Structures are given as structure tokens and as C-alpha cells.
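Summary of structural features
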Amino acid sequence: MAGDMHYNDYLQLDKILNAQNPESIRQNLPAHDEMLFIIIHQTYELWFKQLHHEIESILHIMKKPAMNDNSPELQTVVHRLNRMVIVLRVLVHQIDILETMTPMDFLDFRDMLRPASGFQSWQFKELEAKLGLKFEARYGQEYYISKLRAEQIEIIKKAESERSLLELVNAWLERMPLAPTYAENDRGNFWENYRDRFQGSLADVEKDNLSMFDEIFFGDSEIETGKPPRSLSAQACRAALFIMLYRGYPLLQLPFQLLNALLEIDEQLSSWRYRHMNMVHRMIGTRIGTDGSSGKDYLKAAADKHYIFKEIAQLNSFLIERRKLPVLPAELEKRLGFVAS
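Focus on unusual backbone geometry
Comment: phi is negative for the bulk of residues other than glycine, and the bulk of peptide bonds are trans. The phi torsion at glutamine 12 lies on the positive side, around 50°, for a residue other than glycine. Here glutamine 12 is to be found in the loop between α1 (7-10) and α2 (13-17). Backbone geometry at asparagine 28 places phi at a positive 60°, although glycine is not the residue there. Within the secondary structure, asparagine 28 is located in the loop between α3 (23-26) and α4 (34-62). Under the relative-accessibility criterion, asparagine 28 is labelled exposed at 62%.

Rendered as C-alpha cells:
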């Protein structure tokens, strides 16, 4: 019946509000701030669940063999990526609440938690994998799943084996139909023209950037230089740079918003890790974590290394001033939406 649903039942509040069982109470050593500690971390896990809900829908759309960039699908992807950004901002700000707990407040119950630790949040590790953080790029590879249960490790390994958002973005950029093509030894094409203009914009101390430009946009860097494989192909990098350069055109606005949202996700994840690291340093100094990890040192090393969309951010090194951009052919301008048919 339409009138049978009740707020309490719909939200299953009896389960949620009775899911806080402080260990300090169980041990008859009540610690007031343990309730805050539990609720904050339960809330984190609920937000992680929402982030998984969003990323799964995004992956489903982007796995389609021919996503129409001029359809509502791309708008949906951008909208949900931006929602993920807002959720991640909330995660960062929740640390403000947790930091109302002093180190002495934490010590009232900290030792009762061993060996439980936030490091055992399998949902967060799974989210990193879905976004595109590969095992090879992780700090502490031998350690990051060592404290998890077997079924949780299986979930993370499954996520690592499937196509990530970063891989799907690479495929999407490669099939971007509006970016100018590149043909080697074609001195009259857009990219050779742009390379000349980029070279002219470099200061003397930046001249090495030209070889990096060639490596990223024209070459196969992992073969030519022996560097680790890149996540974005040269073709995808050219498409992404073109979107950044000409984002004012109507048809490139949504693609630019998508790329920008990915950079914002990385920024918010980084902010969350660094806030977490600083909070740990404030709370326990140089002591080890409850799980036996090196505490602040581990968190700092992971924060420095775990940038997922760093290759997109790197493309900003190759921008030039708007007034120096090559003029696009009239036919391409027409396709991008500025010239009436």
C-alpha cells in the first residue's frame, strides 16, 4: 500500500543507529570520543559505497563500444564525475570534525583497536583500482593487501583485472573524431605547426621540454626510452591537448569538463591523503599505526605516489597562449559548432 512506508523503515535506522558499539564500553573503560571515531569512519565507508555506485555507472557507459559524445551519455558521465568530486570534498572536510578529538582523547581507546586500522578499508583500495591505480604503481606493494581478509583481496584483485576509468578514458580519447590527425613527416599538419609554436614559447631553461613533447605526442616512449609504460597513448594525448587548447568551442566543452573532473578527483584524493597524514602526525607523532604500519611515513609515501591521472595533468606543461594558437580550418570550426551550417 502507498501509505505503508515509514521513514524509519525506509532508511533502516534501527540497524544504522545501533551499529555503534564502542570497544571502550565493552571493556568497561568508557572513552567519550570513541563514538565520534566510529561514526566518522562508518560515514567514510558509506560515502565510499556511494562513490562506487557512481563509478560503476560511469564505467558502464564508457565501456560501450561507441559512446556518442554528442548525446546525453557524455553529460551523464561528467555530471556523475562532478558528484564524485563533491563527495570527496566532504571526505576531506570530515577530518575537521575528527580533529576536534585531541591526542589524549584518542589514547583513551586507541590500544583497544589493535590491530584494526583504516588501512583495512578495502572499499577505498577497490575505488583506487577502478579509477586506474595499478598494482605496479602502488607504494608498498607487498603490504597494501596484507591486512585484508581473503574475500576482500579477491574483490580488489578483480577490480585491478578489469578495465579502469583511466583505460576507458584513453580509449575514448583515441576515438575522438574532432582532434586533428597526425602523420609522420607531414610538415604541413596541425601538430607540426603546434610543435613549432610550442618550441618558440620555451625559455632557454625549458628547451628539454621539446624532446618530452616529441616523446609524449609523437612517439612510443616506453619503447624509445625504456621508461615505464604510459597510461595514455600518443594519440590520446594529442586529443586531450587539443580539447584543452580549444575548449571554448561548444563541442569540446563537455570533453574538457570530463578531463577537468578527473584532475579534480586526483586533487581531492591527494588532499584527503595529506590531511589524513597530518592528522595522524598530530595524533600519534612518530608512533606506528594500530596495524603495525609506519604511520605517517607510509601515508606520506603513498600520497606522493598515488596520483592516478597525472599524465593528464602533465599535458598542461605543453599549453601555449591563446593568441598564439594555430587558426583552425573553417571546416573544423564548423564541426566544432561556431560556424552556422
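Let us keep going from here.
Considering the packing of helix α14 (residues 250-284) against helix α15 (residues 296-305)
Running from amino to carboxyl end, α14 crosses α15 at an angle of 165°, the nearest separation of the two axes being 9 Å. With respect to their mutual orientation, α14 and α15 come out roughly antiparallel. Considering the relative orientation of α14 and α15, their crossing is left-handed. Residues Arg273, Tyr274, His276, Met277, Val280 and His281 of α14 touch α15, and the partners they reach there are Lys296, Leu299, Lys300, Ala303 and Asp304.

A look at the environment of glutamate 54
With respect to the helices, strands and loops of the structure, glutamate 54 is situated in helix α4. On a C-alpha basis, the gap between glutamate 54 and methionine 112 in space is 35 Å, while along the polypeptide they are 58 residues apart. Side-chain polar atoms of glutamate 54 contact the side chain of arginine 83, separated by 2.9 Å.

Observations concerning the layout of surface pockets
Roughly 700 Å³ of volume is contained in the second largest pocket. The wall of the second largest pocket is formed by 25 residues, among which Pro229, Arg230, Ser231, Lys310 and Glu311 lie closest to the centre. Those elements that provide at least two residues to the lining of the second largest pocket are α9 (165-174), α11 (209-217) and α16 (310-314). For the lining of the second largest pocket, the class distribution of residues is 10 nonpolar, 6 polar and 9 charged.

Looking at the nonpolar core
In terms of nonpolar packing, the biggest core is built from 90 residues, with Leu81, Leu131, Leu165, Trp172, Tyr194 and Phe242 touching the most fellow members. Per element, the largest residue contribution to this core is 15 residues, and it comes from α14. Phe119, Tyr144, Ile145 and Ala302 belong to the second largest nonpolar core, which has 8 residues in total.

Digging into the pattern of salt bridges
Pairing between side chains becomes possible if they bear opposite charge and their charged atoms approach one another. Enumeration over the complete set of coordinates arrives at 19 salt bridges. The closest approach of N and O atoms between glutamate 73 and lysine 64, which form a salt bridge, is 2.4 Å. A relative accessible area of 33% means that lysine 64 is categorised as partly exposed. Among the ionic pairs, lysine 130 bridges to glutamate 126, the shortest N-O distance being 3.4 Å. Pair noted here: lysine 130 and glutamate 126 are both in helix α7 (residues 122-131), with a separation of 4 residues, about one helical turn. In this pair, the class of lysine 130 matches that of glutamate 126, namely buried.

A look at helix α10 (residues 190-201)
The terminal C-alpha atoms of α10, which comprises 12 residues, lie 17 Å apart, in line with the 16 Å expected from a rise of 1.5 Å per residue. When α10 is considered as a whole, its buried residues turn out to be Phe190, Trp191, Glu192, Tyr194, Arg195 and Phe198. Tucked into the core, α10 has its buried residues touching α11 and α13 (234-245). Taking the backbone nitrogen of tryptophan 191 as reference, a side-chain oxygen 3.1 Å away marks asparagine 189 as the first, capping residue of α10.

Thresholds applied
- Residues numbered from 1 in each chain as written.
- Predicted model: local features only at pLDDT ≥ 70, side-chain atom pairs only at ≥ 80, totals over all residues.
- Heavy atoms only, no water.
- Helix = DSSP H or I, 4+ residues; strand = E, 2+ residues; numbered from the N terminus.
- Buried < 20%, exposed > 50% of the residue type's maximum accessible area, 1.4 Å probe, protein only.
- Axes fitted to C-alpha atoms, helices over the stretch in contact; angles between N-to-C directions.
- Parallel < 35°, antiparallel > 145°, perpendicular 65-115°, else oblique.
- Left-handed = near helix turned anticlockwise from the far one by under 90°.
- Contact = heavy atoms within 4.5 Å.
- Polar contact = N/O pair within 3.5 Å; in protein donor to acceptor, adjacent residues only side chain to side chain.
- 1 Å grid on protein atoms, 1.4 Å probe; cavity = no way out; pocket = protein on both sides within 12 Å on 5 of 7 lines; lining within 4 Å.
- Points joined across faces, edges and corners; volume = space filled by probe spheres on them.
- Nonpolar A, V, L, I, M, F, W, Y, C, P; charged D, E, K, R; others polar.
- Core = buried A, V, L, I, M, F, W, Y, C linked by side-chain atoms within 4.5 Å.
- Salt bridge = Lys/Arg side-chain N within 4 Å of Asp/Glu carboxyl O.
- Expected span 1.5 Å × (residues − 1).

In short, shape yes, function no, at least from these values alone.
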